[in-house]
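The residues making up each chain are set out below.
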Amino acid sequence: MEIIAFRSYCLDKLGVTEDTPFDEDTLCFKVGGKIFAIVDITKFESVNLKCDPEKAVELREMYHAVSPGYHMNKKHWNTIAFNSDLPDSKLLQWVDHSYNLVYNSLSKKVKQEIAIK
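Residues numbered from 1 in each chain as written. Predicted model: local features only at pLDDT ≥ 70, side-chain atom pairs only at ≥ 80, totals over all residues. Heavy atoms only, no water.

Taking an unreviewed UniProt entry as the reference, the protein chain is identified by name as MmcQ/YjbR family DNA-binding protein belonging to Belliella kenyensis.

Printed below as a string of structure tokens:
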């Protein structure tokens, strides 16, 4: 996975914004002001994605590329290494899962504001 393709995939989703709230190397993708993906744009070795807690554990057991979220709540976040035992298509499915978890947690008002933009 290349950073340009990953960034484009994230930004193509409804209501997604990006910023670097922590430092100039840590890029966050957000929907409704809430983070669903975090990458280091300098190294681009992995991504942190939000995940359903039961699915998070299952994925960690199935793939060497998946580990508990680095610097995140280990119950709700996974860190996924790029270019490992994981096809890009699977990674992008998990980006969708993370986005959907965050989007579905938004209030009806915020969802309506996103749909108008």
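A.B. asks: Is there a simple way to explain the sheet that holds strand 4 (residues 46-50) in this structure?
C.D. replies: For sheets, the rule is that strands pair by backbone hydrogen bonds, running either parallel or antiparallel. Reading across from one edge, 1-2-3-4-6-5 is the order of the six strands in this open sheet, with antiparallel pairing throughout. Looking at which strands have only one partner, the edges of the open sheet turn out to be strand 1 (16-19) and strand 5 (66-68). Neighbour-to-neighbour, the strand axes of this sheet turn through a mean angle of 25 degrees, independent of strand direction. Bridge count between strand 2 (residues 26-31) and strand 3 (residues 34-40): six bridges; the pairing is antiparallel. Each residue of the ladder has a partner; that of Val31, found in strand 3, is Lys34. The strands touched by helix 1 (residues 3-11) are strand 1, strand 2, strand 3 and strand 4; relative to strand 1, the strand with the most contacts, the crossing angle is about 135 degrees. (Pairing = 2+ DSSP bridges. Helix = DSSP H or I, 4+ residues; strand = E, 2+ residues; numbered from the N terminus. Axes fitted to C-alpha atoms, helices over the stretch in contact; angles between N-to-C directions. Contact = heavy atoms within 4.5 Å.)

A.B. asks: Explanation requested: the packing of helix 1 against helix 3 (residues 88-105) in the structure shown.
C.D. replies: Packed helices, taken two at a time, are described by their axes: the angle between them and the distance between them. At a minimum axis separation of 11 Å, helix 1 and helix 3 run at an interaxial angle of 35 degrees. Once helix 1 is placed against helix 3, the crossing between them reads as right-handed. Taking contact as the criterion, the partners of Phe6, Tyr9 and Cys10 in helix 1 are, on helix 3, Leu92, Val95 and Asp96. Along the lines of polarity and charge, the residues of the contact of helix 1 with helix 3 split into five nonpolar, no polar and one charged. (Left-handed = near helix turned anticlockwise from the far one by under 90°. Nonpolar A, V, L, I, M, F, W, Y, C, P; charged D, E, K, R; others polar.)

A.B. asks: Looking at this structure, how should I read the side chain of Asn48?
C.D. replies: Relative to the helices and strands, Asn48 resides in strand 4. On the basis of relative accessible area, Asn48 is assigned to the buried category, the value being 8%. Here Thr79 takes part through its side chain, which lies 2.4 Å from a polar atom of the side chain of Asn48. Excluding anything up to four places from it in sequence, Asn48 contacts Phe36, Ala37, Ile38, Gly69, Tyr70, Met72, Trp77, Asn78 and Thr79. (Buried < 20%, exposed > 50% of the residue type's maximum accessible area, 1.4 Å probe, protein only. Polar contact = N/O pair within 3.5 Å; in protein donor to acceptor, adjacent residues only side chain to side chain.)

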